[in-house]
Amino acid sequence: MDNNLSGEDNDNIDWDTEDELEIQEIQDTTFSSCMDLRTTGQHTVRCDGEASSSSVPCQSKFIQQFVVMGFPEASIAKAIEQNGEDSDLVLDALLTFKALEDSPEEQPSASPQPCINSDDSSSEYNENLLDDVYEEDSWSSDSDSCRNSAKQCYVKVESSSSSEKEQTLLFLASMGYPAEEASIAMERCGPEASVAELTDFICAAQMARAEDVYLPEDVKPKLNHILNGSGGYKKRKMYNELCKRKKAKAIFEEETIRLPKPMIGFGVPTEPLPAMVRRTLPEQAVGPPFFYYENVALAPKGVWDTISRFLYDIEPEFVDSKYFCAAARKRGYIHNLPVENRFPLFPLAPRTIHEALPLSKKWWPSWDPRTKLNCLQTAIGSAQLTNRIRKAVEDFDGEPPMRVQKFVLDQCRKWNLVWVGRNKVAPLEPDEVEMLLGFPKNHTRGGGISRTDRYKSLGNSFQVDTVAYHLSVLKDLFPGGINVLSLFSGIGGGEVALYRLGIPLNTVVSVEKSEVNRDIVRSWWEQTNQRGNLIHFNDVQQLNGDRLEQLIESFGGFDLVIGGSPCNNLAGSNRVSRDGLEGKESSLFYDYVRILDLVKSIMSRHKH
């Protein structure tokens, strides 16, 4: 359902999968055990946000980013205890603590920060592209005198919104900027200026003075002092990176719903449910027919509320396919199927990378902790990227340094690269993607279908084992076979799932606009010697009331309406037109609703 571009030269494209967007708000996982834990106050904070009873005398990077800003460790611990590992809230709390500590008379009381515990879910292969932003650079040792000077300069600032201005002045001083210059910048830039604008003004003024031919040399600030020392350039850079991170997180939280943790829906074969799952369907949702709708879990905010509202207010079932195979695939499903007595496909699919790709185990380095692959996309890493990785790793006899490991792991996670030789990584082959998604070997191969088309078709498909688990309840209900209306069929993931469950396909009306995908489904139908009827349409808008009436009359109606409308305008990888259900492609969801309502109405009339 994604609309990512495939090609050989796209490793520099700056995009993230919908799974990576979720991962971005998780604190980065460090790969040295020494850097994993940091004791703070009465609890120990892991880099991945979990609590542990053990302590290791090393700082996590989450804590370290505030330590290098000059905040006391005790204050950091207190802020984390109140707010969890939320960079935005922790920073706000630290600024509040500092203002109260340095100038209690100016700020008689501060509103307590809300205690928010981060419960964001993440898979085992967490990544963070800002992991090494913060350099090993400490704040100026004279930060205390800077703050004292800041208090003196504070009287020059207008008294309106005093606490805000004082906090800003103190913060600039703690970043290493002279208090007098910070005060001038605040006066010149105005009360609405951001910290980034103020730091730009100060640095520009410092550099202008450094180049002023009329100033005596002993008065001029040194350029290297501005760029590297207490002039604060490095600190400003770190602060700006933190702001970017907070902004990205804020956008993420604004645009996407929170997903359950663990993402197992109404149950998966390998994970016990905490309690008996019960649900009551609204009367209007009860079949016939049964229906099953799928789309990306990480859709923009409000999308799943809308989908649920149009599909009879049924609660979505969010499931990550990592519980069924060796690759993650976070999807939401709305259906009116029973949820009791499900069973998985046998034999069970490989659950780890080494089970799925045993030849990779020989070459897998000990510093690559992955056991699962990320969501399988329509694009792959280029040859240029894999060559860069080979050159980066082979320069070292033993384990490469942490910075190299981090670069390699980031790229391997982003592009699902696997180790195929000494110091060699490669993207998955189409046959391997087929296997991971539960399709038969060579399902998308041959017949004039290019490798690019294979990756695209597979990246937009169902994960067969996951869908089959949900559809397994139909086997006892339709022992004589089933009639299926398959909307947005793709490469036939729903049909393959039913076939692998042993449910005869009497009639399948398949609606799919891609000629490549229609050819794949037609070829599979012939190769598996299906005895039923396969009817193709290339546009959902061709299915109006009259056409559906004719189809239903010809074979007695549909038992299952299945499909997943395009996620082009929903997926996190879309940086251009993520317009939700109003987008050009994803608005086709409303055709799924229209067709389902028509089928229910027509079948109801025929029943009476």
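Bear in mind the structure is a predicted one, so any value in this text is a computation, not a measurement.

Reading guide: rules and limits
- Residues numbered from 1 in each chain as written.
- Predicted model: local features only at pLDDT ≥ 70, side-chain atom pairs only at ≥ 80, totals over all residues.
- Heavy atoms only, no water.
- Phe/Tyr/Trp six-rings, centres within 6.5 Å; stacked < 30°, edge-to-face > 60°.
- Helix = DSSP H or I, 4+ residues; strand = E, 2+ residues; numbered from the N terminus.
- Buried < 20%, exposed > 50% of the residue type's maximum accessible area, 1.4 Å probe, protein only.
- Salt bridge = Lys/Arg side-chain N within 4 Å of Asp/Glu carboxyl O.
- Pairing = 2+ DSSP bridges.
- Arc of directions from axis to C-beta.
- Contact = heavy atoms within 4.5 Å.
- UniProt positions renumbered as here; feature names shortened; annotations may be inferred.
- Axes fitted to C-alpha atoms, helices over the stretch in contact; angles between N-to-C directions.
- Parallel < 35°, antiparallel > 145°, perpendicular 65-115°, else oblique.
- Left-handed = near helix turned anticlockwise from the far one by under 90°.
- Nonpolar A, V, L, I, M, F, W, Y, C, P; charged D, E, K, R; others polar.
- Lys, Arg positive; Asp, Glu negative; His and termini not counted.
- Polar contact = N/O pair within 3.5 Å; in protein donor to acceptor, adjacent residues only side chain to side chain.

A.B. asks: Whenever I open this one, the packing of aromatic side chains confuses me. Can you help?
C.D. replies: The description of an aromatic ring pair uses the distance of the two centres, along with the angle that the planes make with each other. Within this structure, the stated rule accounts for 14 aromatic pairs. Aromatic pair Tyr293 and Phe589: ring centres 5.3 Å apart, planes at 65°, arrangement edge-to-face. Of this pair, Tyr293 sits in strand S4 (residues 290-296) while Phe589 sits in helix H21 (residues 589-607), placing them 296 residues apart in sequence. Both residues of the pair, Tyr293 and Phe589, count as buried. With a centroid separation of 5.2 Å and 75° between ring planes, the pair formed by Phe310 and Tyr590 is classed as edge-to-face. Of this pair, Phe310 sits in helix H11 (residues 303-310) while Tyr590 sits in helix H21; the two residues are 280 residues apart in sequence, bridging distant segments of the chain. A relative accessible area of 36% means that Phe310 is categorised as partly exposed. The class of Tyr590 is partly exposed, set by a relative accessible area of 26%.

A.B. asks: I'm lost on the pattern of salt bridges in this one. Help?
C.D. replies: Charged atoms that come close allow side chains of opposite charge to pair. Taken as a whole, this structure holds 13 salt bridges when the rule is applied. The partner of Glu429 in a salt bridge is Arg451, and the shortest N-O contact between them spans 2.9 Å. Residue Glu429 is found in the loop between strand S8 (424-426) and helix H15 (430-437), and its partner Arg451 is found in helix H16 (residues 451-459); the two are separated by 22 residues along the sequence. Between Arg454 and Glu434 there is a salt bridge; the shortest N-O distance is 3.1 Å. Residue Arg454 is found in helix H16, and its partner Glu434 is found in helix H15; the two are separated by 20 residues along the sequence. Take Arg454: its relative accessible area is 7%, and that puts it in the buried class. Sharing partners across several salt bridges, the network here consists of Asp431, Glu434 and Arg454.

A.B. asks: Just to check I follow, could you spell out the pairing of strand S6 (residues 330-335) for this structure?
C.D. replies: The side chains of a regular strand alternate, residue by residue, between the two faces of the sheet. Of all six residues in S6, six are buried; the element is thus mostly enclosed. Side chains of S6 alternate between two faces, with Lys330, Gly332 and Ile334 and Arg331, Tyr333 and His335 buried alike. When S4 meets S6, the two strands line up antiparallel, connected through five bridges. The residue bridging Tyr293 from the neighbouring strand is Ile334, located in S6. Taken together, the four bridges between strand S5 (residues 317-320) and S6 define a ladder with antiparallel strand orientation. Residue pairing for S6: Phe318 is matched across the bridge by Gly332.

A.B. asks: Whenever I open this one, H15 confuses me. Can you help?
C.D. replies: Residues separated by three or four positions in an α-helix point in the same direction, a consequence of the helix having 3.6 residues per turn. If you check which residues of H15 are buried, you get Pro430, Val433, Glu434, Leu436 and Leu437. One side of H15 holds all its buried residues, which, seen down the axis, span an arc of 165°. On its buried face, H15 is in contact with helix H12 (353-356), H16 and helix H17 (464-471). Immediately downstream of H15, the backbone of Gly438 shows phi near 90°, a positive value.

A.B. asks: Would you explain the UniProt feature "active site" (unreviewed entry) in the protein in this entry?
C.D. replies: When the UniProt feature table is mapped onto this chain numbering, "active site" (unreviewed entry) sits at Cys567. Considering the arrangement of structural elements, one finds Cys567 in the loop between strand S12 (560-563) and H21. With a relative accessible area of 0%, Cys567 lands in the buried category.

A.B. asks: It is not clear to me how the sheet that holds S4 should be interpreted in this structure. Could you clarify?
C.D. replies: Sheets are built from strands that pair by backbone hydrogen bonding, the pairs being arranged parallel or antiparallel. What the seven strands build is an open sheet, ordered S5-S6-S4-S12-S9-S10-S11; its pairing is mixed. Here the strands that pair on one side only, and so sit at the sheet edges, are S5 and strand S11 (533-537). Going from strand to strand, the sheet's axes swing by 20° on average, the running direction of each strand aside. Note that S4 and S12 share four bridges and pair parallel. Within S12, the position partnered with Tyr293 by the bridge is Gly563.

A.B. asks: I keep staring at the packing of helix H13 (residues 383-394) against helix H14 (residues 402-415) and nothing clicks. Help me out?
C.D. replies: Each pair of packed helices can be summarised by the angle the axes make with each other and by the distance between the axes. Running from amino to carboxyl end, H13 crosses H14 at an angle of 155°, the nearest separation of the two axes being 10 Å. Considering the angle they form, H13 stands roughly antiparallel to H14. Along this stretch, H13 crosses H14, giving a crossing that reads as left-handed. Where H13 abuts H14, its residues Leu385, Ile389, Ala392 and Val393 lie against Val404, Phe407, Val408, Gln411 and Trp415. Here the contact of H13 with H14 is built from residues that sort into eight nonpolar, one polar and no charged.

A.B. asks: Just to check I follow, could you spell out the side chain of Glu512 for this structure?
C.D. replies: Among the structural elements, Glu512 can be located in the loop between strand S10 (505-511) and helix H19 (515-527). One buried charged side chain, Glu512, makes no salt bridge at all; its nearest oppositely charged neighbour is Arg518, positioned 6.3 Å away. Engagement of the side chain of Glu512 in a polar contact is seen with the backbone nitrogen of Ser489, the distance being 3.5 Å. Ignoring anything within four residues of it in the chain, the contact list for Glu512 reads Phe488, Ser489, Gly490, Asn517, Arg518, Phe537 and Asn538.

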